Amino acid sequence: MSRPVPALRLYRGLLCLYPAEFRDRFARDMCDAMADLLSDHPPATDILSAYFGVLIDALKEHYHVIRQDLVYALRSMRKEKLATAVAVVVLALGIGSTTAIFSLFNGMLLRPLPYPQQESLVYVEEFTPGGQLRGAVAYPNFLDFRERNRSLQDMAMFGSGLATLRGDAEAERIPAAGATGAIFRILGVAPLLGRVFDDADAAEKAAPVVVLGEDLWRRRYGADPGILGKSIVLGSTATQVIGVMPRGFHFPDRAQLWTPYQLSPLRNKRTDHGIEAIARLRPGASAEQAQTDLRAIMEQITREHPTETYRQTVNVVPYRERNTRQIEPVLFTLLGAVAFVLLIACANIVNLLLVRASARSREIAVRGALGASRSRLVRQFLVESALLGGAGTLGGILFAWGAVPALLSLAPANLLPNWMSFTPNLVMLGFVAAVSVATVLVVGVAPALSSSRLNIVETLKEGGRSNTAGSARAWFRSSLVIAEVALSVLLLAGAGMMVRTFWNLSAQGASYRGQDVITFQTSAPGNRYPNGPAARELVASARREFASVPGVLSVAGSTFVPLLDGWGRSFTAENGPQLSLKDAPLINHVVVTPGYFRTLGLPLVEGRDFDEHDAKDPLVTIVDEGIAKRYWPGQSAIGKRVRYGPPEDNEPWHTVIGVVPVERNQNLRELRRNSVYLPHGEFGFSSVGYLIRTAPGLADPMPALRAKLAAIDKSIAISRVITLKEVVNTVVWQERFFATVFVGFGALALVLALVGLYGVMSYAVSRRRHEMGIRLALGATAGEIRRMILLQSGRLVAAGLVLGTVGAVFLTRVLETQLYGVRPGDPATLAAVAALLAAAALIASYAPARKATRVDPMLALRDE
Amino acid sequence: MDPRDLLPLHKDTFHILVALADRDRHGYSILQDIAARTDGRTKLRPSSLYSAIHRMLEDGLIEELDERPDPAHDDERRRYYRLTAFGRDVAVAEARRLEQLLADARATGLVPKRSTR
């Protein structure tokens, strides 16, 4: 070799860019050629070209190598089409379900809210630990918070509901929101047209104004550029349009128009909690600091107004939690569950690739003997798993694309606020890429390392079978199957418990679900039907007209739909303990017309239903059994007197004339409040809801009912048409969602574990063909062989079941808050899961066991 | 394999085959031969040369010989390469292909016919 010249040393250094194998083979010759070239003193351009050429040609070599790896990988994948297809499908399911769940997680919890600097928006609520009070703030308390706090920049109150638009087109109920003047300042979103309302518009005698949403402006008003200043009829009030908000703004959830709240401490008392509050933190303040601040203020208020407070405290949380706090634990649990599914899928692929590596060990040994370096072999395997991973990721994305809308459809339509978006964004794509790469590495590394560590000489000598590396590998594969079985037990146990929860909860609502009752809300113009005789007559006519529709069995009016709404008020029984406001229980206060109980199928336990004469004199009420038993145990409740509201208000006494069974209201899980009922005649509200019981099998009665109502008065709007069956479904949507997803995951896990078990057993049988042949030749029966194989598989499954069951006892505690009627670690569920898995495993192992008995002893012995 | 399966050859490959047709050579000798034969029009870099050699070894067009002393370079050892029989067939096939192309061009008058000496 010529003396190394600095130029040559540089050249040799550049050769490090080449792939290792190329370098090992040609580096010396290239240096020799370069030395010879330099010794001829060529022109500078030639020398430069020689140096730069290394960069280009090294890249080309790398490309060449990868292309070879790809071609080789594709060829071996084509040779085993079934195994490859299974692997891709398994990966697609694992990656796809993980992506789908993360997509929900991303859309609900990670994506920023569509308001500027949304991190400093907080939600303020008064809160009693018993859960009777939450999600609202009383107006006088709000004023005190706003005045005395040191951590908030500004505060506003808001509420959502439905507004009735009247006028040129037909009456329409639109999702709407009201708020105090500071709301738009706090949210920081500028209007598309005109202006937003402020404190001046929220003052006592200010003229009514409204801000429209862009969608509403386009749809109902044809994007009229002269809309500003025009007057529209909201409810029964002429209201001036002052601005239009841009598309995508629907604060708080789905609103399409906004009006200012005109609140006053006289009307909105310290004991009324029907409106929510939002605030913006001062720069540098945190939600925790604001919470401490407001809690101190709440304590002051409690001291200053002891008869007007419930011993409540204050929560200040990031505004996003208002919508997500219910769903957050659900999502985290789902993420955990889907991670298990992905792990099982990966374990399956690893098993598959290890089988393939085993089957190809001869070929690998030959390649090693021919000079392929270990890193080259490892890279080959990684390329193969990258191909599988890439195909699996594509399949997974397709799966997620379909799965996300399907999952979202399990949630009620009006649950998710409009600002939640589930379209892919950078975070999503980053997640998919990360999961994909991680999967490829996890799945590719084990087979790659184990194959590259092959003892070449041994393998070639023994024809590629039964070497020590092989048995270590077999042990590893068995433990993978055990892990898969264990994880499946976990998922199936979770699924079993969620399904039972759903069933138990649904059973609670069975009395509602079993009935054909349809409900809807009405909204009559207040100026024509003020509360009183006109309204009473309207409701009475409506009931008569509805009852005349063929197929209608029973009609009633009510202020609230069971399970969906309620009005909590405090309650005092005459001659009972005179409790202060904070100790008085809250009851569910419903105003109904005669026929309510009959329509809902609630038989009277005692006394009578309201009739058409019950109004203001005498004042009567009906209570539920829970109240009757609690306050007048062992006696009849009939004739007892009760009253409502804060005791200091001295509301008039009502006499109990009837007792009805307890009705679950607001939710099915627990009875939070007992119910009391008052006759519609006492109040005469005009805008009530109606419940209509129809004959079974009747086609949609709504058109006929709408026609009847329109015949009475066209300007009465109908909204929220929903059957009681749908109400129950809405109320249990979370449990149904959970149960469905868990069952899906559990089934997936089961199938994957069985596939893994089948694969391992098949391979084990094929490796023991020689042994089977000898046994059969020595007189073993088919039954004995079968038992032997099933025992081998049984040991694996048993190990997995034990591990999984123990894990389930601990891990299902995570689900505790979601369960109903079943405890975590419930033995019956675990036993059922174990039995299911054992049975399925038996079936999966049967085919390989039978194959073992089909070995021809002569062939097996000869096959060496 | 049929020699014609590898056609058309990359021009570097053909040059190298031609260089090895009359005798065994080492890397730099091939470069020199090609430069000389083409009057400096084609000057391969060492890196391009060895990329091509790598391919040609894989395809069986040439074979590696043991290192031998090179008198032209103080008898320092260099690795020599030799054309295989298959390589020779491929080179001939490529030459024939080029000849045919040239004949086609001559036939249509695109290129003047060879003048007889």
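Check the entry above for the structure.
Residues numbered from 1 in each chain as written. Chains lettered and ligands numbered in written order. Predicted model: local features only at pLDDT ≥ 70, side-chain atom pairs only at ≥ 80, totals over all residues. Heavy atoms only, no water.

A. Region of interest: the overall build of chain A. A count of helical and extended segments in chain A gives 27 helices and 21 strands. Its C-alpha atoms give chain A a radius of gyration of 37 Å, clearly above 29 Å, the size a compact globule of 864 residues would have. Summarising its shape, the C-alpha atoms of chain A cover approximately 115 × 85 × 55 Å along the three principal directions. The buried share of chain A, reckoned over its 864 residues, is 52%. A total accessible area of about 38000 Å² is found for chain A, and carbon and sulfur atoms account for 61% of it. Computing the positive centroid from 91 side-chain charges and the negative centroid from 73, chain A places the two 7 Å apart. (Helix = DSSP H or I, 4+ residues; strand = E, 2+ residues; numbered from the N terminus. Rg over C-alpha atoms; globule rule 2.2 N^0.38 Å. Buried < 20%, exposed > 50% of the residue type's maximum accessible area, 1.4 Å probe, protein only. Areas by Shrake-Rupley, 256 points an atom, 1.4 Å probe, with all protein chains shown as cover. Lys, Arg positive; Asp, Glu negative; His and termini not counted. Charge placed at Lys NZ, Arg CZ, Asp CG, Glu CD.)

B. Summary view of the overall build of chain B. Secondary structure assignment for chain B yields 4 helices and 3 strands. Helices and strands in chain B line up, N terminus first, as α-β-α-α-β-β-α. Once the C-alpha set of chain B is aligned to its principal axes, its extents read approximately 50 × 35 × 25 Å. Each of the 117 residues in chain B was classed as buried or not, and the buried ones make up 46%. Put simply, of all contacts in chain B between residues at least 6 apart along the chain, 50% involve residues at least 24 apart. Accessible surface, chain B as shown: approximately 6800 Å² in total, 50% of it carbon and sulfur. (Contact = heavy atoms within 4.5 Å.)

C. A look at the side chain of Q312(A). All names here are of chain A. Counting through the fold element by element, Q312 comes out in the loop between helix 8 (287-304) and strand 10 (313-318). Looking at Q312, its side chain comes within polar contact range of the side chain of E126, at 2.5 Å. Those residues in contact with Q312 that sit more than four places away from it in its chain are E126, F127, T128, L133, N141, H273 and M298. (Polar contact = N/O pair within 3.5 Å; in protein donor to acceptor, adjacent residues only side chain to side chain.)

D. Focus on the environment of S29(B). Assignment of secondary structure puts S29(B) in helix 2 (residues 27-37). In the structure, S29(B) is positioned 24 residues away from I53(B) in sequence and 13 Å away in space, judged by C-alpha atoms.

E. Region of interest: the layout of surface pockets. Taken as a whole, the second largest pocket encloses approximately 720 Å³ of empty space. Lining the second largest pocket are 22 residues; nearest its centre among them are E21(A), Q68(A), R376(A), H54(B) and E58(B). Elements that contribute at least two residues to the lining of the second largest pocket include exactly helix 2 (20-39), helix 3 (44-79), helix 11 (361-369) and helix 12 (374-408) of chain A together with helix 3 (46-59) of chain B. The element that contributes the greatest number of residues to the lining of the second largest pocket is helix 3 of chain A, accounting for 9 residues. (1 Å grid on protein atoms, 1.4 Å probe; cavity = no way out; pocket = protein on both sides within 12 Å on 5 of 7 lines; lining within 4 Å. Points joined across faces, edges and corners; volume = space filled by probe spheres on them.)

F. Examining the packing of helix 1 (residues 11-22) of chain B against helix 3 of chain B more closely. All names here are of chain B. Where helix 1 meets helix 3, the axes come as close as 10 Å, and the angle between the chain directions of the two elements is 80 degrees. In terms of their interaxial angle, helix 1 and helix 3 are classed as roughly perpendicular. Every residue of helix 3 that contacts helix 1 at D12, T13, I16 and L17 is listed here: S48, L49, A52 and M56. Taken together, the residues of the contact of helix 1 with helix 3 sort by class into 5 nonpolar, 2 polar and 1 charged. (Axes fitted to C-alpha atoms, helices over the stretch in contact; angles between N-to-C directions. Parallel < 35°, antiparallel > 145°, perpendicular 65-115°, else oblique. Nonpolar A, V, L, I, M, F, W, Y, C, P; charged D, E, K, R; others polar.)

G. Structural context of the pattern of salt bridges. If you walk through the whole model with that rule in mind, you get 42 salt bridges over all chains. Measuring nitrogen to oxygen at the nearest pair gives 3.0 Å for the salt bridge that ties R195(A) to D201(A). Taking relative accessible area as the criterion, R195(A) reaches 37% and is therefore assigned partly exposed. A relative accessible area of 8% places D201(A) in the buried class. Two residues, D33(B) and R37(B), come together in a salt bridge whose shortest N-O distance is 3.0 Å. With D33(B) and R37(B) both in helix 2, this residue pair falls 4 residues apart, about one helical turn. For D33(B), a relative accessible area of 18% gives the class buried. (Salt bridge = Lys/Arg side-chain N within 4 Å of Asp/Glu carboxyl O.)

H. Inspection of the interface of chain A and chain B at higher detail. Across the contact, 27 residues belong to chain A and 23 residues belong to chain B. Summing both sides of the interface, chain A and chain B together bury roughly 2100 Å²; the carbon and sulfur share of this comes to 47%. Our count for the chain A to chain B interface comes out at 7 salt bridges. When the shortest N-O distance is used, the salt bridge between R79(B) and D29(A) registers 3.2 Å. Where chain A meets chain B, there are 15 residue pairs in polar contact (both at pLDDT 80 or more). Mapped onto the side of chain A that touches chain B, the elements with two or more residues apiece are helix 2 and helix 3 of chain A. For the side of chain A that touches chain B, a count of residues per class yields 12 nonpolar, 5 polar and 10 charged. (Buried area = accessible area lost by both parts, 1.4 Å probe.)

I. Local environment of the packing of helix 2 of chain B against helix 3 of chain B. All names here are of chain B. In the contact formed by helix 2 and helix 3, the axes pass within 10 Å of each other and the chain directions differ by 110 degrees. What the angle tells us is that helix 2 and helix 3 run roughly perpendicular. Only P46, L49 and Y50 of helix 3 make contact with helix 2, whose side of the interface consists of G27, I30 and L31. Residues that form the contact of helix 2 with helix 3 fall into these classes: 5 nonpolar, 1 polar and no charged.

J. Quick peek at unusual backbone geometry. The linkage connecting D617(A) with the following residue, P618(A), adopts the cis geometry, with an omega of 0 degrees. Mapped onto the fold, P618(A) is located in the loop between strand 15 (606-607) and strand 16 (620-624). Between L7(B) and the following residue, P8(B), the backbone shows a cis peptide bond with an omega angle of -5 degrees. If you trace the backbone, P8(B) turns up in the segment before helix 1. A positive phi angle, near 45 degrees, is found at H41(A), a position not held by glycine. Relative to the assigned elements, H41(A) resides in the loop between helix 2 and helix 3. We note that R720(A) has phi near 45 degrees; this positive angle belongs to a residue other than glycine. Along the polypeptide, R720(A) turns up in strand 21 (residues 717-723). Take R720(A): its relative accessible area is 34%, and that puts it in the partly exposed class.

K. Layout of the sheet that holds strand 3 (residues 76-83) of chain B. Ordered by their spatial adjacency, 3 strands build an open sheet running 1-3-2 (chain B), and the pairing between neighbours is antiparallel. Each having just a single partner strand, strand 1 (25-26) and strand 2 (62-70) of chain B make up the two edges of the open sheet. Where helix 2 of chain A meets the sheet, its contacts fall on strand 1, strand 2 and strand 3 of chain B, and the angle it forms with strand 3 of chain B comes to roughly 110 degrees. (Pairing = 2+ DSSP bridges.)

L. Region of interest: the pairing of strand 20 (residues 689-694) of chain A. Residue and element names in this part refer to chain A. For strand 20, a buried count of 6 out of 6 residues is recorded, marking the element as mostly surrounded by other parts of the structure. Burial along strand 20 is two-sided: the residues G689, L691 and R693 and Y690, I692 and T694 are all buried. Taken together, the 5 bridges between strand 11 (residues 517-523) and strand 20 define a ladder with antiparallel strand orientation. Residue pairing across strands places Q521 opposite G689, the latter belonging to strand 20.

M. The arrangement of the side chain of S385(A) in detail. Note that S385(A) resides in helix 12. In contact with S385(A), other than residues within four places in its own chain, are L353(A), V440(A), V443(A) and G444(A).

N. Spotlight on a nonpolar patch on the surface. All names here are of chain A. Together, L17, L48, F52, L55 and I56 line one region of the surface with nonpolar side chains, adding up to about 470 Å² of accessible area. Within the fold, I56 resides in helix 3. Of the residues examined, I56 reaches a relative accessible area of 44% and is grouped as partly exposed. (Patch = residues over 30% accessible without salt bridge, like charges linked within 9 Å, V, L, I, M, F, W, Y side chains within 5 Å.)

O. Expanded view of the packing of aromatic side chains. Residues and elements named next belong to chain A. For the coordinates displayed, the defined rule picks out 28 aromatic pairs over all chains. Taking 6.5 Å as the distance between ring centres and 65 degrees as the angle between the ring planes, the aromatic pair formed by F158 and Y319 counts as edge-to-face. Linking F158 in strand 2 (residues 152-166) with Y319 in the loop between strand 10 and helix 9 (321-324), this pair joins segments that are 161 residues apart in sequence. Across the pair, Y319 and F158 agree in class, each one buried. Relative to Y644, the ring of F571 lies with its centre 6.1 Å away and its plane at 40 degrees, an arrangement referred to as tilted. Remark: Y644 occurs in strand 17 (residues 641-644) and F571 occurs in strand 13 (residues 568-573); sequence separation between them is 73 residues. Classification of F571 as buried rests on a relative accessible area of 3%. Here a set of aromatic residues connected by ring pairs shows up, and it is made of Y115, Y123, F158, F184, F197, F249, F251, W258 and Y319. (Phe/Tyr/Trp six-rings, centres within 6.5 Å; stacked < 30°, edge-to-face > 60°.)

P. Summary view of the environment of S103(A). All names here are of chain A. With respect to the helices and strands, the residue S103 is situated in helix 4 (residues 81-110). Its relative accessible area of 8% is what places S103 among the buried residues. Each residue touching S103, except ones within four places of it in the same chain, is listed here: V404, F422 and M428.

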